[in-house]
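Summary of structural features
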Amino acid sequence: MTDQQPCPFCEINLGREPATFVHEWSDTIAIIQLNPVVDGHTLVIPKTHVTDFADDPDVTGATARRAAQLCRDLDLVHANLITSRGVHATQSVTHLHLHLVPRAENDGLALPWHSGRTRKARTEEEQR
């Protein structure tokens, strides 16, 4: 983030911004997403400021392990674990965070990369 706009996740980690905590470890926090796509939508965030999953693979791996542990602790049988790198990949906060999204049959939630286009339609577009 810029000097004028502090990182919202760092601000939460420092206790300067509110959040609803699901769990806290020495290196990671898990909080409820502000606008959850489904009930239980949780963000798993390292306390160390890392821009995205490629910035520091060790921090990314530790954060993913915490998300997997939380998934088991919450007994989520069906879930997505999603992260993004860069604005064109839907990253809106430049601090690594993993979305742990509980899933249920017919929940109506499409994955971010679901375009609704068939493979045939994409191939035809690419040939134009």
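Keep in mind that this is a model prediction, so the values were computed, not measured. (Residues numbered from 1 in each chain as written. Predicted model: local features only at pLDDT ≥ 70, side-chain atom pairs only at ≥ 80, totals over all residues. Heavy atoms only, no water.)

1. Topic: the overall build of the protein chain
Check the secondary structure of the protein chain and you find 3 helices and 5 strands. Ordering the α and β elements of the protein chain from the N terminus gives α-β-β-β-α-β-β-α. When the 128 residues of the protein chain are sorted by exposure, 31% land in the buried category. In the protein chain, the share of contacts with a sequence separation of at least 24, taken over all contacts with a separation of at least 6, comes to 51%. For the protein chain, the accessible area works out to roughly 8700 Å², and carbon and sulfur atoms hold 50% of it. (Helix = DSSP H or I, 4+ residues; strand = E, 2+ residues; numbered from the N terminus. Buried < 20%, exposed > 50% of the residue type's maximum accessible area, 1.4 Å probe, protein only. Contact = heavy atoms within 4.5 Å. Areas by Shrake-Rupley, 256 points an atom, 1.4 Å probe, with all protein chains shown as cover.)

2. A few points about the sheet that holds strand S5 (residues 98-102)
Ordered by their spatial adjacency, 5 strands build an open sheet running S1-S2-S3-S5-S4, and the pairing between neighbours is antiparallel. Bordering the open sheet on either side are strand S1 (21-24) and strand S4 (79-82), each of which pairs with just one other strand. Pairwise comparison of adjacent strand axes, ignoring direction, gives a mean angle of 15° for this sheet. Sheet topology places strand S3 (residues 42-46) next to S5; 3 bridges connect them, and they run antiparallel. Across the sheet, residue Thr 42 finds its bridge partner in S5, namely Leu 100. Strands S1, strand S2 (28-32), S3, S4 and S5 of the sheet are contacted by helix H2 (residues 57-73), whose axis makes an angle of about 145° with S3. (Pairing = 2+ DSSP bridges. Axes fitted to C-alpha atoms, helices over the stretch in contact; angles between N-to-C directions.)

3. A closer look at the pairing of S3
For S3, the tally of buried residues reaches 5 of 5 residues, placing the bulk of the element in the interior. Alternating positions in S3 separate into two faces, Thr 42, Val 44 and Pro 46 on one and Leu 43 and Ile 45 on the other, with burial throughout. Taken together, the 5 bridges between S2 and S3 define a ladder with antiparallel strand orientation. Directly across from Ile 32, in S3, lies its bridge partner Thr 42.

4. Focus on the pattern of salt bridges
Taken as a whole and judged by the stated rule, the model has 5 salt bridges. For Asp 107, the salt bridge goes to Arg 103, with nearest N and O atoms at 2.7 Å. (Salt bridge = Lys/Arg side-chain N within 4 Å of Asp/Glu carboxyl O.)

5. Brief notes about the layout of surface pockets
Size it by volume and the largest pocket reaches roughly 600 Å³. Residue lining of the largest pocket: 30 residues in total, with Gln 33, His 41, Leu 43, His 97 and His 99 positioned closest to the centre. Looking at the lining of the largest pocket, the elements with two or more residues in it are helix H1 (8-13), S2, S4 and S5. If you tally residues by element for the lining of the largest pocket, the top one is H1, at 3 residues. Residues that form the lining of the largest pocket fall into these classes: 17 nonpolar, 11 polar and 2 charged. (1 Å grid on protein atoms, 1.4 Å probe; cavity = no way out; pocket = protein on both sides within 12 Å on 5 of 7 lines; lining within 4 Å. Points joined across faces, edges and corners; volume = space filled by probe spheres on them. Nonpolar A, V, L, I, M, F, W, Y, C, P; charged D, E, K, R; others polar.)

6. Details of the side chain of Thr 63
Within the fold, Thr 63 resides in helix H2. Within polar-contact distance, the side chain of Thr 63 engages the backbone oxygen of Val 59 at 2.8 Å. Once you skip the residues sitting within four places of it in the chain, Thr 63 turns out to touch Thr 28, Val 44, Ile 45, Pro 46, Leu 96 and Leu 98. (Polar contact = N/O pair within 3.5 Å; in protein donor to acceptor, adjacent residues only side chain to side chain.)

7. Details of H2
Across its 17 residues, H2 extends 24 Å between first and last C-alpha, which sits within 8% of the 24 Å expected from 1.5 Å per residue. The set of residues buried in H2 consists of Val 59, Thr 60, Ala 62, Thr 63, Ala 67, Leu 70 and Cys 71. Elements that come into contact with the buried residues of H2 comprise S1, S2, S3, S4 and S5. For H2, the N-terminal capping position is held by Asp 56, with its side-chain oxygen 3.1 Å away from the main-chain nitrogen of Asp 58. With its phi angle positive at about 55°, Asp 75 sits one or two positions after the end of H2. (Expected span 1.5 Å × (residues − 1).)

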